[in-house]
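# Analysis of the macromolecular model
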Amino acid sequence: WAAIWADRCGRPDVAGAVLNEAALRPFKVTQDGITGYQPEYASDPSGDYPGATPTIWSEGTFFTAYAFKRLGQDPAAEAIIAAIDPAQQPDGSFAYCSVHDPAYELTPSQSVIGPAWAILARLGTGIWDEPPPAARPHQAGLD
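Cut-offs applied
- Residues numbered from 1 in each chain as written.
- Predicted model: local features only at pLDDT ≥ 70, side-chain atom pairs only at ≥ 80, totals over all residues.
- Heavy atoms only, no water.
- pLDDT = per-residue confidence, 0-100.
- Helix = DSSP H or I, 4+ residues; strand = E, 2+ residues; numbered from the N terminus.
- Axes fitted to C-alpha atoms, helices over the stretch in contact; angles between N-to-C directions.
- Parallel < 35°, antiparallel > 145°, perpendicular 65-115°, else oblique.
- Contact = heavy atoms within 4.5 Å.
- Nonpolar A, V, L, I, M, F, W, Y, C, P; charged D, E, K, R; others polar.
- Core = buried A, V, L, I, M, F, W, Y, C linked by side-chain atoms within 4.5 Å.
- Buried < 20%, exposed > 50% of the residue type's maximum accessible area, 1.4 Å probe, protein only.
- Phe/Tyr/Trp six-rings, centres within 6.5 Å; stacked < 30°, edge-to-face > 60°.
- Lys, Arg positive; Asp, Glu negative; His and termini not counted.
- Salt bridge = Lys/Arg side-chain N within 4 Å of Asp/Glu carboxyl O.
- Polar contact = N/O pair within 3.5 Å; in protein donor to acceptor, adjacent residues only side chain to side chain.

## Concerning the confidence of the model for the protein
In the predicted model, the protein carries a mean pLDDT of 85, and 84% of its residues have values of at least 70. Between the elements of the protein, mean pLDDT differs from a low of 87, seen in helix α1 (residues 2–8), to a high of 97, seen in helix α5 (residues 74–84).

Structural data, given as structure tokens:
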């Protein structure tokens, strides 16, 4: 989210810093031959998410691919998509996460949010495409 927000604020340099390999490394996880990103990671006990279970989060993984695609880094986006695509279920869904995380109430139940983000990631467009409010023409009675 931070990368898209920074890009929309005219700060592609910050967006790039958020999406660099070192920043993403703690969130990257591979399980059963599938690679994706987790919503949090178990840091030291004084960290923000002590006891977090490593789990691939389909929504966040595809959102990361979406962010790369939005920033014109298509090869990085395509690599992320290819690494999680094998997790897609026969009905088209993705599990919300790959492994149950009781500490943070994440479950591997079928979800439609993963496929929705998969579509957006492949397009690299679809949300946040409207101009910022200051750039929109005034609409009488709607402001």
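## Re the packing of helix α4 (residues 58–70) against helix α6 (residues 113–123)
The interhelical angle for the contact between α4 and α6, taken along N-to-C directions, is 10 degrees, at an axis separation of 8 Å. With respect to each other, α4 and α6 are oriented roughly parallel. Touching Ser58, Glu59, Phe62, Phe63, Ala65, Tyr66 and Lys69 of α4 are Ile113, Gly114, Trp117, Ala118, Leu120, Ala121, Arg122 and Leu123, all from α6. Split by residue class, the contact of α4 with α6 holds ten nonpolar, two polar and three charged.

## Focus on the nonpolar core
Counting residues in each nonpolar core, the largest one holds 25 residues, and the members touching the most others are Phe62 and Tyr66. For this core, the secondary structure elements donating two or more residues are α1, β2 (34–37), α4, α5 and α6. Top contributing element to this core by residue count: α4, with six residues.

## What to know about the packing of aromatic side chains
Two descriptors summarise a pair of aromatic rings, namely the distance from one centre to the other and the angle between the planes of the rings. Per the counting criterion, the structure on display carries six aromatic pairs. Aromatic pair Trp1 and Trp117: ring centres 5.7 Å apart, planes at 85 degrees, arrangement edge-to-face. Separated by 116 residues along the polypeptide, Trp1 in the segment before α1 and Trp117 in helix α6 bring together distant segments of the chain. Centre to centre, the rings of Phe63 and Trp117 are 4.7 Å apart; their planes meet at 80 degrees, and the pair counts as edge-to-face. Taken together, the positions of Phe63 in helix α4 and Trp117 in helix α6 put the pair 54 residues apart, joining distant regions of the chain. Cluster of aromatic residues (ring-pair linked, three or more members): Trp1, Phe63, Tyr66 and Trp117.

## Structural notes on the environment of Tyr41
Topologically, Tyr41 is positioned in the loop between β2 and α4. Classification of Tyr41 as partly exposed rests on a relative accessible area of 32%. Tyr41 sits 13 residues away from Lys28 along the chain, and the two C-alpha atoms are 9.1 Å apart. Excluding anything up to four places from it in sequence, Tyr41 contacts Pro26, Phe27, Tyr49 and Ala52.

## A look at the side chain of Glu40
Structurally, Glu40 can be placed in the loop between β2 and α4. Although buried, Glu40 forms no salt bridge, and the nearest oppositely charged side chain, Lys28, lies 18 Å from it. Apart from residues lying up to four places away in sequence, Glu40 is in contact with Phe27, Tyr49, Ala52, Asp101, Tyr104 and Leu106.

## Observations concerning the side chain of Ser58
By the element assignment, Ser58 lies in helix α4. Here Ser58 falls in the buried class, since its relative accessible area comes to 2%. At a separation of 2.9 Å, a polar atom in the side chain of Ser58 contacts the main-chain carbonyl oxygen of Ala95. Leaving out residues up to four positions away in the same chain, Ser58 has contacts with Ile84, Phe94, Ala95, Tyr96 and Gly114.

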